[in-house]
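Structural overview for review
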Amino acid sequence: MLSQLELEARYADAASAATAHFVYAGHVNEAIERCDLAQEGDIVADAIGGAGLCVPNLRELASKARDAGGRLIVDGTVPSHFGCRPLELGAAVALEALDRVAAGRLSRKVVAIASRAPLPFDGVDAVGSDAIDAADLAAIDEGLRTFPDRMQCHVDHARALAEYLACFEGLACVSYPGLATHPDHEVATRVLVHGFGPAVDFELPSSWGVSAGEFIECCRLNGRTEPAGGYATRLHARDGAKGYAVRVFAGLDDPLVIAADLDQVLRSCAVL
């Protein structure tokens, strides 16, 4: 197995970065705060994020940040370094939670920080973090070897689910950057690579009287007990259990089986 420094170098190469460091953090924003990455004038953006899975024009944001004397910092967790190359689009720093890279096998969340220039810390002690555990390094090591093929499956399965959901009459909204109806579709074709990410949003009409939490509980294959980034498709109540928005993170399982499960519950809810 490679050492942490060797794995960081391998990740940096895959992310088109000059350097990369792994840190334990509950989420990307925590890593940004703990490592004091964002300074005055910097812009922090998600490569894919927010309600409806928005895709910003990263080149324009990078230019805007430079004009303000700052840098663009991008959370690329949803598309991953396989699906988006923020550093090639002008970002100075790109971060990614490695759940999907490690196939859901991490004991704690690890965030990768990749940069076009040396970072003001050594990646371990200087940011108040212990070295990454051997078991987690092994999961990242193995995961990086298989990640391109696995991530392509996540993306392809998300597209299949998005196309099914877009055809289901009665949903309030279906959002996926790969759909021509998505407001950021044209931008997404220039920002994302290898597809349009592993996530799909859809909203239940309030007239059905079924919340996102209730809908998810009715789905046999909701993946709620499965690890994030792992094999199984997972459903998430985007706006909380009492809201109406469901976010689907496509897994490596058969999207036709997932679509059939969603279809059964959607048809049941639509006639209530």
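Higher on the page you've got the structure.
This report concerns the structure included in the present document.

Calculation notes
- Residues numbered from 1 in each chain as written.
- Predicted model: local features only at pLDDT ≥ 70, side-chain atom pairs only at ≥ 80, totals over all residues.
- Heavy atoms only, no water.
- Core = buried A, V, L, I, M, F, W, Y, C linked by side-chain atoms within 4.5 Å.
- Buried < 20%, exposed > 50% of the residue type's maximum accessible area, 1.4 Å probe, protein only.
- Helix = DSSP H or I, 4+ residues; strand = E, 2+ residues; numbered from the N terminus.
- Contact = heavy atoms within 4.5 Å.
- Pairing = 2+ DSSP bridges.
- Axes fitted to C-alpha atoms, helices over the stretch in contact; angles between N-to-C directions.
- Arc of directions from axis to C-beta.
- Polar contact = N/O pair within 3.5 Å; in protein donor to acceptor, adjacent residues only side chain to side chain.

Counting residues in hydrophobic clusters, the biggest one holds 78 residues, and the most contacted among them are Phe202, Phe215 and Leu266. Broken down by element, the residue count for this core peaks at 12 residues, all from helix 5 (residues 134-166). Other than its neighbours up to four places away in sequence, Leu266 contacts Tyr164, Leu165, Phe168, Leu171, Phe202, Leu204, Trp208 and Phe215.

Taken together, the five strands give an open sheet; going across it, the order is 1-5-4-3-2, and neighbouring strands pair in mixed fashion. Strands with a single pairing partner mark the edges of an open sheet, and in this sheet they are strand 1 (19-24) and strand 2 (43-46). Averaged over neighbouring strand pairs, the angle between their axes works out to 20° when direction is ignored. Pairing between strand 2 and strand 3 (residues 72-75): four bridges, direction parallel. By the bridge assignment for strand 3, Val44 is matched with Ile73. This element, helix 3 (residues 58-67), spans strand 2 and strand 3 of the sheet and lies at about 145° to strand 3.

Attention now goes to the environment of Ala139. The topology assignment puts Ala139 in helix 5. The exposure class assigned to Ala139 is buried, which follows from its relative accessible area of 0%. When the C-alpha positions of Ala139 and Met1 are compared, they lie 10.0 Å apart, and in sequence the two are 138 residues distant. In this view, Ala139 contacts Ala102, Arg105 and Leu106; residues no more than four positions away in its chain are not counted.

It is worth spelling out helix 3 at this point. Those residues of helix 3 that sit buried are Leu58, Leu61, Ala62 and Ala65. For helix 3, the buried positions fall inside an angular range of 100° around the axis, keeping them on one side. For helix 3, the exposed residues lying more than 90 degrees away from the buried face are Arg59, Glu60, Lys64 and Asp67. Its buried side turned inward, helix 3 meets strand 2, strand 3 and helix 6 (185-191). Between the side-chain oxygen at the start of helix 3 and the backbone nitrogen of Arg59 there is a gap of 3.2 Å, and the oxygen is on Asn57. Of the residues one or two after helix 3, Gly69 is the one with positive phi, at around 80°.

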